[in-house]
Amino acid sequence: MLLATAIFLTCQREGTSVSVPPTTTLVLTNLLARGDTEGYQRATEPRTFSFPDDHGAHPDFRNEWWYLTGNLTSADGHQFGYQFTLFRSAITPDDPDRQSDWATRQLYMAHFALTDVQANTFHASERLSRGAVGLAGVTTEPFRAWLDDWEIAGDNPPPFRLRAGTDALGLELELTSAKPTVLQGDRGLSRKGREPGNASYYYSMTRMPTRGVVVSGLKTYAVQGSSWLDREWSTSALEPSQTGWDWFALQLSDGRDLMIYQLRLEDGAVDPLSSGTIVSMDGTSERLGSSHFSIETLDWWISPATRIRYPAAWKILVPTEQIELTVTPRLADQELSLSVVYWEGAVQVRGSSNNRAVTGDGYVELTGYGDPPRRKPTQ
C-alpha cells in the first residue's frame, strides 16, 4: 500500500486523539515527495529483514505504516470489507529535549473504514495523536501498534488481533497467516523514483485467514474471511512528475495473490517504475515489472460529496501468468473524505487464471484524482 503522510505536522496540540477540520485537505503526492531528508535514514539498497523486529517501528525513517484490508462474510452471507491503517511520521530526526512528558518526535494517524455490502453503506473514521504518555505508539515484544483503543497486536505475530471502531460500528478480529511473508520489489526494496533513496522497504502477508465479529447497523455478526497486511517505511518516495497511483491487492480462488500498482505521471502516462508481485498457492513469489501487466479502466464514478471522478471498474491482464481479470467495486462510494481524500474499497474479481475460470476478492486504492496541482519543490 502506497498511502503515507506527514499530515501530523498540522496537529501537535496536547491531549488525546483529535480530528482535523474538514477544510484541511492535504495532497498525498506532495507529502510523499522528497522534502527535507537530512538526519533520516533512506531506503537505498536491499536489507536483511528480521521478524518479529520488523513488525515494530523504524523511527529513523520519516514515514511508516501498518495497513490491513479484508473481505469478510457472516454465516448468513452478509458481506463486509474493512480497512485499518496506522501511520507513523517523524516530525524531527532528533530526540526532543524532554522538558515535558508530552514531548515526542513521533506523531500518529489511524484510518478505519467499514463497507457493509448488503446495507449499501460505507463509513470512514480518522484519529490523530502524538506518540507520548501512552496515547499512541508501537512496541515489539509483545508486538502492539496502537492509537487510543484502536490497535493491532500479537504476542508472537502472527496471529494478530485487530480492534477498531466507533460508537456505531466496529470490529474485533484474529488474523493468522496462510503463506510466508513476501518481500516486495527487489528483496524488499520498492523503488518508486529514479533518484537513489526514493523508495521504501516493503513486505506483505498476502493471505491471512480471519475470523471475529463485526458490528454494523446495531447488529453484531460473527464473520470469517481473508485479510492482507502491507508494511512499508521510507523517508522519501515519489518524484515531482508522479501525480498519483492505482494500487490493487487481489486474492484469487485458485490460491494465487496479485499485487500491482501503477504510478501516474503528469502527462497521463504510466510510470515505468510501476510494479507488482504474483504469489503462488505455496507462497513463492515473482516480481512483475510494469511491462508484465496492464490496467484498463472500464467505467468511472463521480463522488457526490467531492465531485472527484474515479475509475470504477478495471480489466487487468498479466499475460506471462495467463491472468485476465475484471475488477469491480463492492460499492461505488468507498471514498474516504478525511484530512486526505482518496478512494479505497472492497472489490470483487472475475476472470481466468491459467486458462481456468476464477473469482476473487480484494482491495483497491486510488489517489491523486482530485488533488490540486502539486507545488514544485523549491531549489
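Criteria and thresholds
Residues numbered from 1 in each chain as written. Predicted model: local features only at pLDDT ≥ 70, side-chain atom pairs only at ≥ 80, totals over all residues. Heavy atoms only, no water. Helix = DSSP H or I, 4+ residues; strand = E, 2+ residues; numbered from the N terminus. Buried < 20%, exposed > 50% of the residue type's maximum accessible area, 1.4 Å probe, protein only. Contact = heavy atoms within 4.5 Å. Areas by Shrake-Rupley, 256 points an atom, 1.4 Å probe, with all protein chains shown as cover. 1 Å grid on protein atoms, 1.4 Å probe; cavity = no way out; pocket = protein on both sides within 12 Å on 5 of 7 lines; lining within 4 Å. Points joined across faces, edges and corners; volume = space filled by probe spheres on them. Nonpolar A, V, L, I, M, F, W, Y, C, P; charged D, E, K, R; others polar. Core = buried A, V, L, I, M, F, W, Y, C linked by side-chain atoms within 4.5 Å. Polar contact = N/O pair within 3.5 Å; in protein donor to acceptor, adjacent residues only side chain to side chain. Pairing = 2+ DSSP bridges.

1. Examining the overall build of the chain
Then, number 1: When you go through the chain residue by residue, the secondary structure sums to one helix and 23 strands.
Then, number 2: Out of the 379 residues in the chain, the part that is buried amounts to 56%.
Then, number 3: When contacts within the chain are restricted to residue pairs at least 6 apart in sequence, those whose partners lie at least 24 apart make up 61%.
Then, number 4: Of the roughly 15600 Å² that the chain leaves accessible, carbon and sulfur atoms contribute 47%.

2. Let's talk about the layout of surface pockets
Then, number 1: What the second largest pocket holds in volume is close to 270 Å³.
Then, number 2: Taken together, 21 residues make up the lining of the second largest pocket; nearest its centre are Asn71, Gly225, Ser226, Gln251 and Asp361.
Then, number 3: Every element with two or more residues in the lining of the second largest pocket is listed here: β1 (63–74), β2 (79–90), β12 (199–216), β13 (219–234), β14 (242–252) and β23 (356–367).
Then, number 4: When the residues that make up the lining of the second largest pocket are grouped by side-chain class, the tally is seven nonpolar, 11 polar and three charged.

3. Let's talk about the environment of Gly154
Then, number 1: Within the element layout of this structure, Gly154 appears in strand β7 (residues 150–154).
Then, number 2: Here Gly154 falls in the buried class, since its relative accessible area comes to 0%.
Then, number 3: In the structure, Gly154 is positioned 10 residues away from Arg144 in sequence and 6.5 Å away in space, judged by C-alpha atoms.
Then, number 4: Apart from residues no more than four positions distant in its own chain, Gly154 is found in contact with Pro142, Phe143, Pro159 and Arg161.

4. Things to note about unusual backbone geometry
Then, number 1: A cis amide bond links Phe51 with the next residue in sequence, Pro52, at an omega value of 15 degrees.
Then, number 2: Within the secondary structure, Pro52 sits in the loop between α1 (28–32) and β1.
Then, number 3: Located in the positive-phi region is Asn120, a residue other than glycine, with phi close to 60 degrees.
Then, number 4: Tracing the chain through its elements places Asn120 in the loop between β3 (106–116) and β4 (121–130).
Then, number 5: Non-glycine residue Arg187 carries a positive phi angle of around 55 degrees.
Then, number 6: Positionally, Arg187 belongs in the loop between β10 (182–183) and β11 (189–191).
Then, number 7: The exposure class assigned to Arg187 is exposed, which follows from its relative accessible area of 53%.

5. Observations concerning the environment of Thr176
Then, number 1: Looking at the secondary structure, you find Thr176 in the loop between β9 (170–175) and β10.
Then, number 2: Sequence separation between Thr176 and Met208 is 32 residues; the distance between their C-alpha atoms is 5.2 Å.
Then, number 3: Discounting residues that sit within four places of it in the chain, Thr176 has contacts with Pro158, Pro159, Arg207, Met208 and Pro209.

6. What to know about the nonpolar core
Then, number 1: Counting 31 residues, the largest nonpolar core has Tyr82, Phe84 and Leu162 as the members making the most contacts within it.
Then, number 2: Contacts of Leu162, omitting those with residues within four sequence positions, involve Leu68, Tyr82, Phe84, Glu151, Ile152, Leu171, Glu172, Leu173 and Leu175.
Then, number 3: Formed by 26 residues, the second largest nonpolar core is a distinct cluster that contains Leu252, Leu288, Phe293 and Trp343.

7. Looking at the side chain of Thr104
Then, number 1: Tracing the backbone through its elements, the reader meets Thr104 in the loop between β2 and β3.
Then, number 2: At a separation of 3.0 Å, a polar atom in the side chain of Thr104 contacts the main-chain amide nitrogen of Gln106.
Then, number 3: At a separation of 3.2 Å, a polar atom in the side chain of Thr104 contacts the main-chain carbonyl oxygen of Gly131.

8. Here we look at the pairing of β7
Then, number 1: Most of β7 is tucked away, with five of its five residues classed as buried.
Then, number 2: Every second residue of β7 is oriented toward a common face, with Trp150, Ile152 and Gly154 on one face and Glu151 and Ala153 on the other, all of them buried.
Then, number 3: Examined bridge by bridge, strand β6 (residues 143–147) and β7 share five bridges and lie antiparallel to one another. Bridge pairing in β7 links Phe143 to Gly154.
Then, number 4: If you look at the hairpin formed by β6 and β7, you'll find two residues sitting between the two strands, and Asp148 has a positive phi there, around 55 degrees.
Then, number 5: Relative to strand β8 (residues 160–165), β7 runs antiparallel, the two being bridged by three bridges. Paired with Glu151 across the strands is Arg163, a residue of β8.
Then, number 6: Turn length for the β7-β8 hairpin, with the two strands adjacent in sequence and antiparallel, is five residues.

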